[in-house]
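# Fold and geometry: a report
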Amino acid sequence: MARRKKIYEGKAKILYEGPEPGTLVQYFKDDATAFNAQKKDVIEGKGVLNNRLSEFFMLGLANIGVPTHFLKRLNMREQLVRACEIVPLEIIVRNFAAGSLSTRLGIEEGTPLPRPIVEYCYKDDKLGDPLVTEEHIAAFGWASQQDMDDILALALRVNDYLSGLMYGVGIKLVDFKIEIGRVYDGDYQRLIVADEISPDSCRLWDLETGEKLDKDVFRRDLGSLTDAYTEVARRLGVMPKQATPMDKPKLIN
């Protein structure tokens, strides 16, 4: 088999040239990072779980008419995705106070917000992905006003979908981040949800106990990250219902 051309390697994924023009192969690594990669580890099985969970969420979004880059899963660690031009922003949607919002504004973690709050961070690891305003985005030409209107609408639709889905399995969606890509059909530009949606990019708390089922388990040394992600997959039906978090991941095809 010919060696694939690597297009980009990030903290949690690698992008390879796809089999057809306009496609990429997205490979999910087992690497875990926190605090802008100041804390690192390799967590066996994490990439497999995130690949399957992101597939599950992307297919669910497609079913309600939200466009994404996902095309199909190739194997346990890889998926075929549509190549797109990534808008250089992380879009964060917050339903409850947590993380940097609690730190910045002195709001106790877990406090319900009056409405979903959408924030934007400039994607630059060297700068620590700084928080920016729509004024910065417009001034530096990262996205047009029409783009921003469409990004906001996409982010809130994703929030509605994920919040309801998680609530149905006893999980509180505290916040999440997504990335948005541009694709072109001739002269026509569309915005689509890109990158991934997984417990790496969401804060997920058990509704009853408040137990964290996301990357905060790794950030704060709260236990096994694989156990937490396995529990999310089990509740969503991505893993067999009879599976326990201590089992090796046996994911449903």
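Figured I'd write up the structure that's included with this text. (Residues numbered from 1 in each chain as written. Predicted model: local features only at pLDDT ≥ 70, side-chain atom pairs only at ≥ 80, totals over all residues. Heavy atoms only, no water.)

## Digging into the overall build of the chain
Worth spelling out the cut-off: Counting from the N terminus, the helices are DSSP H or I runs at least four residues long and the strands are E runs at least two residues long. What the globule rule says is 2.2 Å times the number of residues to the power 0.38, and the radius of gyration is computed from C-alpha atoms. Only protein chains enter the accessibility calculation, which uses a 1.4 Å probe; a residue is then buried when its area is under 20% of its type maximum, exposed when over 50%, and partly exposed in between.
When you go through the chain residue by residue, the secondary structure sums to 6 helices and 14 strands. Taking 18 Å as the expected radius of gyration for a compact globule of 253 residues, we find that the chain reaches 18 Å, a close match to that expectation. Referenced to the eigenvectors of the C-alpha coordinate spread, the extents of the chain come out at roughly 55 × 50 × 35 Å. Classification of the 253 residues of the chain by burial places 49% in the buried group.

## Regarding the pattern of salt bridges
Threshold: Salt bridges are defined as contacts in which a side-chain nitrogen from Lys or Arg sits within 4 Å of a carboxyl oxygen from Asp or Glu.
Taken as a whole and assessed by the stated rule, the structure comprises 27 salt bridges. For E119, the salt bridge is made with R104, and the minimal N-O distance between the two is 2.4 Å. Linking E119 in strand β10 (residues 112-122) with R104 in helix α2 (residues 99-105), this pair joins segments that are 15 residues apart in sequence. According to the relative accessible area criterion, R104 is partly exposed, its value standing at 40%.

## Topic: the sheet that holds strand β2 (residues 13-17)
Inclusion rule: Paired strands, in this sense, are two strands between which DSSP finds at least two bridges. For helices, the axis comes from a line fit to the C-alpha atoms of the stretch in contact; other axes are also lines fit to C-alpha atoms, and the angle between any two N-to-C directions lies between 0 and 180 degrees. By the convention used here, residues are in contact when the closest approach between their heavy atoms is within 4.5 Å.
The 5 strands lie next to each other as β1-β2-β3-β7-β6, forming an open sheet whose pairing is antiparallel. Two strands in the sheet have a free side with no partner beyond their single neighbour: β1 (6-9) and β6 (70-73). Pairwise comparison of adjacent strand axes, ignoring direction, gives a mean angle of 25° for this sheet. Examined bridge by bridge, strand β3 (residues 23-28) and strand β7 (residues 78-82) share 5 bridges and lie antiparallel to one another. Note that in β7 the partner of Q26 across the bridge is Q79. Contacts between helix α1 (residues 46-63) and the sheet are confined to β3, β6 and β7, with β6 contributing the most and set at about 130° to the helix.

## Points about the side chain of E78
Here is the rule we go by: Polar contact is the term for a pair of N or O atoms within 3.5 Å; when the atoms are in protein, one must be able to donate a hydrogen and the other to accept it, and sequence-neighboring residues count only if both atoms are side-chain atoms.
Within the secondary structure layout, E78 lies in strand β7. Assessed through its relative accessible area of 9%, E78 is described here as buried. At a separation of 2.7 Å, a polar atom in the side chain of E78 contacts the side chain of R4. If we skip the residues at most four places from it in the chain, E78 touches R4, V25, Q26, Y27, N51 and R73.

## Digging into α1
Short version of the rule: To estimate the expected span of a helix, count its residues, drop one, and scale the result by 1.5 Å.
With 18 residues, α1 ought to run about 26 Å at 1.5 Å a step, and its terminal C-alpha atoms sit 26 Å apart, in line with that. Among the 18 residues that make up α1, 14 are buried, leaving the element largely enclosed by the rest of the structure. At the exit of α1 stands G65, carrying a positive phi of roughly 90°.

## Section: the pairing of β6
One ladder, built from 3 bridges, connects β6 with β7; its direction is antiparallel. Residue R73 lies in a different strand from β7, and its bridge partner there is Q79. In this antiparallel pair of consecutive strands, β6 and β7, the connection spans 4 residues.

## Quick word on the nonpolar core
Let me state the cut-off plainly: Definition of nonpolar core: a set of buried residues of the types Ala, Val, Leu, Ile, Met, Phe, Trp, Tyr and Cys, connected through side-chain atoms within 4.5 Å.
One finds I91, V158, I180 and I197 to be the most contacted residues of the largest nonpolar core, which totals 49 residues. Every residue in contact with I197, bar those within four places of it in the chain, is listed here: L53, S54, F57, M58, L61, V158, L162, I178 and C202.

## Considerations on the packing of aromatic side chains
To keep it simple, the criterion reads: Two aromatic rings from Phe, Tyr or Trp, using only the six-membered ring of Trp, form a pair when their centres are within 6.5 Å; if the ring planes differ by under 30 degrees the pair is stacked, by over 60 it is edge-to-face, and anything between is tilted. Both a distance and an angle decide whether a charge sits over a ring: NZ of Lys or CZ of Arg must be within 6 Å of the ring centre and within 35 degrees of the ring normal.
Enumeration according to the criterion identifies 3 aromatic pairs in this entry. Centre to centre, the rings of F56 and F57 are 5.7 Å apart; their planes meet at 70°, and the pair counts as edge-to-face. Arranged with centres 4.3 Å apart and planes meeting at 15°, the rings of Y122 and W142 form a pair that is stacked. Here W142 lies in the loop between α3 (134-139) and α4 (145-167) and Y122 lies in strand β10, a separation of 20 residues in the sequence. You can call Y122 partly exposed: its relative accessible area is 22%. A relative accessible area of 16% places W142 in the buried class. A network of ring pairs unites the aromatic residues Y122, F140 and W142 as a single cluster. Positioned above the aromatic ring of Y16, the side-chain terminus of R4 is 4.2 Å from the ring centre. In this arrangement the basic side chain of K212 is found over the ring face of W205, its NZ or CZ atom lying 4.7 Å from the centre.

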